[in-house]
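# Remarks on the overall topology
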Amino acid sequence: MSHFSNLSTQIENINYLQKALENLQVVHKKKATINIGNTHPSDFSNGNLVITDVCEIPISFQCKKDKYVLVVDNQFWKPSFSVELFLEKITQQYARETIIGESEKSGYTLSRPVQTTNESTVINLQKWKLVNDFV
């Protein structure tokens, strides 16, 4: 018998979520039809992501209203790390990608690569304003 858990997140943007998963080298598919345990095939559409390489059966991010939830069957979670730690790492990378992406939309550029030390992340951004002194 399956025991699905829906873990709430603050994740809203699927593009930043995909970048976060890529940063963590988590293999994922967008809009996939899969079997979960002994259930009927499930169609994860509407911008959902399916992760197939973390545990015995696929897990997914599904859009619920304006946020994504992580859907996991706890019975089949076998990695040596907890689901909560997995989600924490994804959330940290998602925050990084959101800050960089939204800053770039406002004209900022990443001045140095992101540095991670002691579980913290430093992001250096800069914005140049060109002044035309030639009149």
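This report concerns the structure included in the present document. Keep in mind that this is a model prediction, so the values were computed, not measured. (Residues numbered from 1 in each chain as written. Predicted model: local features only at pLDDT ≥ 70, side-chain atom pairs only at ≥ 80, totals over all residues. Heavy atoms only, no water.)

## Topic: the side chain of E97
- In this structure, E97 sits in helix α2 (residues 83-105).
- Side chain to side chain, E97 and R96 meet in a polar contact 2.3 Å long.
- Filtering out sequence-adjacent residues up to four positions away, E97 remains in contact with Y16, K19, A20 and N23. (Helix = DSSP H or I, 4+ residues; strand = E, 2+ residues; numbered from the N terminus. Polar contact = N/O pair within 3.5 Å; in protein donor to acceptor, adjacent residues only side chain to side chain. Contact = heavy atoms within 4.5 Å.)

## Some thoughts on helix α1 (residues 14-23)
- Taken together, the buried positions of α1 are occupied by I14, Y16, L17, Q18, A20 and L21.
- Where α1 starts, the residue carrying a side-chain oxygen 2.8 Å from the main-chain nitrogen of N15 turns out to be N13.
- Two residues or fewer past α1, Q25 is found with a positive phi of approximately 60°. (Buried < 20%, exposed > 50% of the residue type's maximum accessible area, 1.4 Å probe, protein only.)

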